[in-house]
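# Examining the three-dimensional arrangement
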Amino acid sequence: MLWAYVTIGFISAATIILELSLLRLFAVQQFYHFAFMAISLALLGAGASGSILSLRGRRFSPAAMSLAFALSTLGAYLVINYLPFDSFSIAWDSRQLLYLAAYFLAAAGPFLFAGLVIGGELMVAGAGGRGTHQVYGANLLGSAAGSLASLPMLAAFGGEGAVVAAIILGAIAGLIFALLELRSQEKSGALFPAIVISIGMIGLGLFALLQPPAWLAQQLSPYKTLSILSQVLDSQHILTAWDATARVDVVESGTIHLMPGLSLNATESPPLQAGLMLDGDNMMPITGIGPDSPEARALAGFLPNGLAYRLRPGARTLVIEAGTGMDVLFALASGAQQVTAVEENTLVSEVVENRYGDFTGGLYRDPRVKVVDQSGRVFARQVSSEDGDGAFDLAIVALTDPHRPVTSGAYSLTENYIYTVEAFSDYLRALDDQGLLVVTRWLQSPPSESARTFGAAVAALEREGFDPAGQLIAFRSLRTMTILAGRQAFSPEEIEAVRDFLNENNFDAVYYPGIEQSELNRNNVLAEPVYHELFSQILADAQATYADYRFEIRPPTDDRPFFFHYFKWRQTPEILATLGLTWQPFGGSGYFVLVALLILVGLASAIFIIGPLLLRRSGEVFAEKMALSRKRVFLYFACLGLAFLFVEIPLAQRLILILNQPVTALAVVLFAILLFSGLGSLTVRRWRLPVGLALLVLLIVAYPLMLRPAMALALSLSEWARILLAVAIIAPLGYLMGLPFAGGLLVVEKVQPGLVPWVWAINGSFSVISAILAVMVALSWGFSVVFWLGAIAYGGALIAFGRYWRGNGRLRGG
């Protein structure tokens, strides 16, 4: 039996590696929100496997299903990679719906076959009375191992190689299962092809890892910046590199000219630049001049940040999200005595320092520059907590992401802890008493992105005990809005310096203390001074302004860090009227994709998973007298399916703050939850399950309150200490989360073993529903509410099965 459990661990690890690999591959090929969609719907495969097993009444060959997992993983990758799906034209091209369906079916295939392996072993264990909780525990522990292995695999082999690794693990599982079946069967001739195929796939997979074939290279959406740049005649694709969190590409072309906010009065043309892209998009310029060059000094005064250096000459400067170093370059060119460049992606800083060191005039090697490979939030918190005096004169949040139309919610799902109220508070604390926080964002019409940034600055100043009205400056260029927040009120002399700077550059004043109506809307003239009016309303009555405004512009918080989520339900008629007329993914109806997906998976669960099982009138599962109420079984496992991801998803998204990247946070959270849940499932017989469930509910209710001080502590720790703290935070919760499903399986196994695959289907289908609901709730009300919904769902499970529990999970008949 030990080898059977080990093999279950192999297929479970392969499944979780595939899931995390697809998350990265979809983010690179399409966009982040699409990655979430595809993975969520693919999980239906695991639930559908329970339905198939229940209807069939016996398991499939685990060796055959493991090989089917490996083969379907390769097939899914090829379909996803080469099918010409175009999310931008889906609103008017009906073929794209077929392509989208093919995407989802292809992604679901491997999960279906993996589910048939695990569900089949649960069925056999239940029928034999030998412990379904042990099979479930092996599944969880194997998945935990896969989560842990996924990050080094992504770093070593990239997204494509990680998929190959999942195929190899699936083939290894198929080989071991075939050998186990061979040992237990007399007629073994049919197993030899499976053994040969497994060995062949393992060998070919290892060769593909060492020498990746050209057809395995990932294809990108034609709307990605990398795809567009590649079509320019003089473009040269210089570099592609992966780490666990991102893919980095560099393209050189004479057409790259990117300097956000540059004044039209500039006397110097933008210099030669190369373009560095993360995940094929978000191009950041690598600028081909040195910080002490005449060109850099000539350009520095015509950029929005030039005002900060005029107000604080010789500043000690902190650049957050430094990227390829444009703000570092012009900080030195403006006379900054020292610059700390904080960039969390080490690949980016390594490319600039090493590959393009000479091209940039040795920017990241300059003795005045200190490059820190860390999250800006973590660094700011550590600096501000060291002595409390503030180490910097300026804190600049660099503008490193592209301009996007965001008003319809097309990019809602992206978490961003750089622009939350708590983040701005951390930046302010990193400054000395005369320090300035400088943030530049893109202009949107009507105001949205800039208004949210201004509101976050107002809230942060109030949080720190300041009066925002006297300590804020805002002005706009043709395409950007720059906001300065000071730790002290601006003096009349500083306001006069502001006026001079704006006049020299033909920038438009939006707000500063004592601004006159005649100073507004002078250069880039709008029909009305809408930015000034909105910013003034935020200062006068922020909550009323946010409630009345047409878009969602409340400042993001660490509990609701969705900076690009601007959707309000009152926008619905406008969005439907313009559907397909805006150049955005899914025709500009980004948020409604979540709604449509929720409806789709709900119907799929009812029709393809739950419906056939409930309607079935013959067979041993439903024909015989039930010792358990079918409704109570359904409610119990449905509540568990909802509850598990209502806890897992907000934990993963909340811990991005201290673990830096979504894929890192998800891998660590999955590892810890699955590991400790596995331990919980293996020790479930030692528990009175109602007690365990009640403790779990109480702990989940308390977790949002406990997380706030824990996150504050974690931000001041080293990277490994933060990871260990994250695991410690998850451990008690994960252990208790492993009890309910394993305990429920023991009850079903004892009283009605034929129901085991059915409850597997129920749990899987409701997990997919909860994954979408969790994100929708978090977007509007925050992670804490999602946690509490998880507590309610676990409480519902306790009530649903409550009167049946006795002792350690035994049942009273009837």
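Each remark here, short or long, concerns the structure printed above.
Basis of the calculations
- Residues numbered from 1 in each chain as written.
- Predicted model: local features only at pLDDT ≥ 70, side-chain atom pairs only at ≥ 80, totals over all residues.
- Heavy atoms only, no water.
- Helix = DSSP H or I, 4+ residues; strand = E, 2+ residues; numbered from the N terminus.
- Buried < 20%, exposed > 50% of the residue type's maximum accessible area, 1.4 Å probe, protein only.
- Contact = heavy atoms within 4.5 Å.
- Areas by Shrake-Rupley, 256 points an atom, 1.4 Å probe, with all protein chains shown as cover.
- Axes fitted to C-alpha atoms, helices over the stretch in contact; angles between N-to-C directions.
- Parallel < 35°, antiparallel > 145°, perpendicular 65-115°, else oblique.
- Nonpolar A, V, L, I, M, F, W, Y, C, P; charged D, E, K, R; others polar.
- Pairing = 2+ DSSP bridges.
- Phe/Tyr/Trp six-rings, centres within 6.5 Å; stacked < 30°, edge-to-face > 60°.
- Lys NZ or Arg CZ within 6 Å of the ring centre and 35° of its normal.
- Core = buried A, V, L, I, M, F, W, Y, C linked by side-chain atoms within 4.5 Å.
- Salt bridge = Lys/Arg side-chain N within 4 Å of Asp/Glu carboxyl O.
- Left-handed = near helix turned anticlockwise from the far one by under 90°.
- Expected span 1.5 Å × (residues − 1).
- Arc of directions from axis to C-beta.
- Patch = residues over 30% accessible without salt bridge, like charges linked within 9 Å, V, L, I, M, F, W, Y side chains within 5 Å.

## What to know about the overall build of the protein chain
On a plain count of helices and strands, the protein chain comes out with 27 helices and 14 strands. A total of 814 residues make up the protein chain; the buried ones form 64% of that total. Pairs at least 24 apart in sequence give 77% of the contacts found in the protein chain among residues at least 6 apart. For the protein chain, the exposed area adds up to about 29500 Å²; of that, 61% sits on carbon and sulfur atoms.

## Topic: the packing of helix 22 (residues 630-659) against helix 24 (residues 689-714)
It is the contact of helix 22 with helix 24, at a shortest axis distance of 11 Å, that shows an interaxial angle of 10°. As summarised for this structure, helix 22 and helix 24 are arranged roughly parallel, according to the angle between their axes. Contacts between helix 22 and helix 24 involve Tyr636, Val647, Leu651, Arg654, Leu655, Leu657 and Ile658 on the former and, on the latter, Leu693, Ile700, Leu707, Arg708, Met711 and Ala714. Tallied by class, residues from the contact of helix 22 with helix 24 come to eleven nonpolar, no polar and two charged.

## Looking at the pairing of strand 1 (residues 236-242)
Bridge count between strand 1 and strand 2 (residues 247-252): six bridges; the pairing is antiparallel. Its bridge partner lying in strand 2, Leu239 is registered against Val250. Turn length for the strand 1-strand 2 hairpin, with the two strands adjacent in sequence and antiparallel, is four residues.

## Concerning the sheet that holds strand 7 (residues 369-372)
Taken together, eight strands build an open sheet; the order of strands is 7-6-5-8-9-11-10-12 and the sheet is mixed. At either end of the open sheet lies a strand with only one pairing partner, and these are strand 7 and strand 12 (508-511). The average angle at which neighbouring strand axes cross in this sheet is 20°, direction not considered. Examined bridge by bridge, strand 10 (residues 472-476) and strand 12 share three bridges and lie antiparallel to one another. Bridged to Ala474 within strand 12 is Tyr511. Across the sheet, helix 15 (residues 449-463) touches strand 9 (431-442), strand 10, strand 11 (480-486) and strand 12, and the angle it forms with strand 11 is around 5°.

## Focus on the packing of aromatic side chains
Given two aromatic rings, their pairing is described by the distance between the two centres and the angle made by the two planes. What the rule picks out here adds up to 21 aromatic pairs. Ring centres of Tyr356 and Phe359 lie 5.7 Å apart, and the angle between their planes is 80°; this geometry places the pair in the edge-to-face category. In this structure Tyr356 comes out as buried when scored by relative accessible area, which is 5%. Here Phe475 and Phe501 contribute two aromatic rings whose centre-to-centre distance is 6.2 Å and whose plane-to-plane angle is 70°, an arrangement assigned as edge-to-face. Of this pair, Phe475 sits in strand 10 while Phe501 is found in helix 16 (residues 492-505), placing the two residues 26 residues apart along the sequence. Looking at Phe501, the relative accessible area reads 0%, which means it is buried. Pairwise contacts between aromatic rings join Tyr419, Phe424, Tyr427, Phe563, Phe564 and Tyr566 into one cluster. Stacked on the ring of Tyr566, the Lys or Arg Arg452 has its end atom at 4.6 Å from the ring centre.

## Description of unusual backbone geometry
A positive phi angle, near 55°, is found at Asn506, a position not held by glycine. Tracing the sequence through the fold places Asn506 in the loop between helix 16 and strand 12. Residues other than glycine seldom take positive phi values, yet Asn521 does so here, at roughly 60°. Following the sequence through the fold, Asn521 ends up in the loop between strand 12 and helix 17 (530-540). A relative accessible area of 17% places Asn521 in the buried class.

## Examining the environment of Arg377
Among the structural elements, Arg377 can be located in helix 13 (residues 376-386). Exposure remark for Arg377: the relative accessible area of 1% places this residue in the buried category. Residues Arg377 and Glu321, 56 residues apart in the sequence, show an inter-C-alpha distance of 9.6 Å. When residues no more than four places from it in sequence are discounted, the contact partners of Arg377 are Tyr417, Ile418, Thr420, Glu422, Ala423, Asp426, Tyr427, Asp558, Leu657 and Leu715.

## Let's talk about the nonpolar core
Residues Phe637, Leu651, Ile658, Leu733 and Tyr794 are the most contacted members of the largest nonpolar core, which totals 175 residues. If near-sequence neighbours (up to four positions away) are discounted, Leu733 is found in contact with Val647, Leu651, Leu696, Leu699, Ile700 and Tyr703. If you look at the next biggest cluster of nonpolar residues, it comprises 48 residues, including Ala380, Ile418, Val421 and Ile538.

## Quick look at the pattern of salt bridges
In this structure the tally under the stated criterion is 21 salt bridges. A salt bridge links Arg24 to Asp279, with the nearest nitrogen and oxygen atoms 2.5 Å apart. Highlighted residues: Arg24 in helix 1 (residues 2-29) and Asp279 in the loop between strand 3 (273-278) and strand 4 (281-287), separated in sequence by 255 residues. Its relative accessible area of 6% is what places Arg24 among the buried residues. Across the pair Asp432 and Arg316 runs a salt bridge whose closest N-O atoms are separated by 2.9 Å. Taken as a pair, Asp432 in strand 9 and Arg316 in strand 5 (residues 316-320) lie far apart in primary sequence, 116 residues in all. Residue Arg316 is classed as partly exposed on the basis of its relative accessible area, which comes to 23%. When salt bridges that share partners are traced, they join Arg377, Arg381, Asp426, Arg429, Glu464 and Asp558 into one network.

## Quick word on the packing of helix 4 (residues 62-82) against helix 7 (residues 191-210)
Where helix 4 meets helix 7, the axes come as close as 11 Å, and the angle between the chain directions of the two elements is 35°. In this structure, helix 4 meets helix 7 at a crossing whose hand is left-handed. Contacts from Leu67, Ala70 and Leu71 in helix 4 reach Ala194, Ile197, Ser198 and Met201 in helix 7. Broken down by class, the residue content of the contact of helix 4 with helix 7 amounts to six nonpolar, one polar and no charged.

## Side note on helix 16
The periodicity of an α-helix, 3.6 residues per turn, causes residues three or four positions apart to be oriented the same way. Relative to the 20 Å expected for 14 residues at 1.5 Å per residue, helix 16 spans 20 Å between its end C-alpha atoms, a close match to the ideal helical length. Burial in helix 16 covers these residues: Glu494, Ile495, Ala497, Val498, Phe501, Leu502 and Asn505. Angularly, the buried residues of helix 16 cover 155° about the axis, an arc narrow enough to put them on a single face. Counted as exposed and oriented over 90 degrees from the buried face of helix 16: Pro492 and Glu493. Elements that come into contact with the buried residues of helix 16 comprise helix 10 (306-311), strand 10 and strand 12. Looking one or two residues beyond helix 16, the residue adopting positive phi is Asn506, at roughly 55°.

## Notes on the sheet that holds strand 4
Adjacent strands of a sheet pair through backbone hydrogen bonds, lying either parallel or antiparallel. Read across the open sheet, the four strands follow the order 1-2-3-4; overall the sheet is antiparallel. Unpaired on one side and paired on the other, strand 1 and strand 4 mark the two borders of the sheet. Averaged over neighbouring strand pairs, the angle between their axes works out to 20° when direction is ignored.

## Here we look at the side chain of His565
In this fold, His565 is placed in the loop between helix 18 (542-548) and helix 19 (572-577). The exposure class of His565 is buried, given its relative accessible area of 3%. When near neighbours in sequence (up to four residues on either side) are disregarded, His565 contacts Ser412, Arg452, Glu552, Tyr591 and Leu779.

## What to know about a nonpolar patch on the surface
A contiguous nonpolar surface patch, about 330 Å² in accessible area, is contributed by Leu2, Trp3 and Val6. Position of Trp3 relative to the elements: it lies in helix 1.

## Some thoughts on the environment of Leu116
Its location among the elements puts Leu116 in helix 5 (residues 95-128). Residues Leu116 and Arg59 lie 57 residues apart in sequence; the distance between their C-alpha atoms is 7.6 Å. When residues no more than four places from it in sequence are discounted, the contact partners of Leu116 are Ser49, Ile52, Leu53, Phe60 and Met65.

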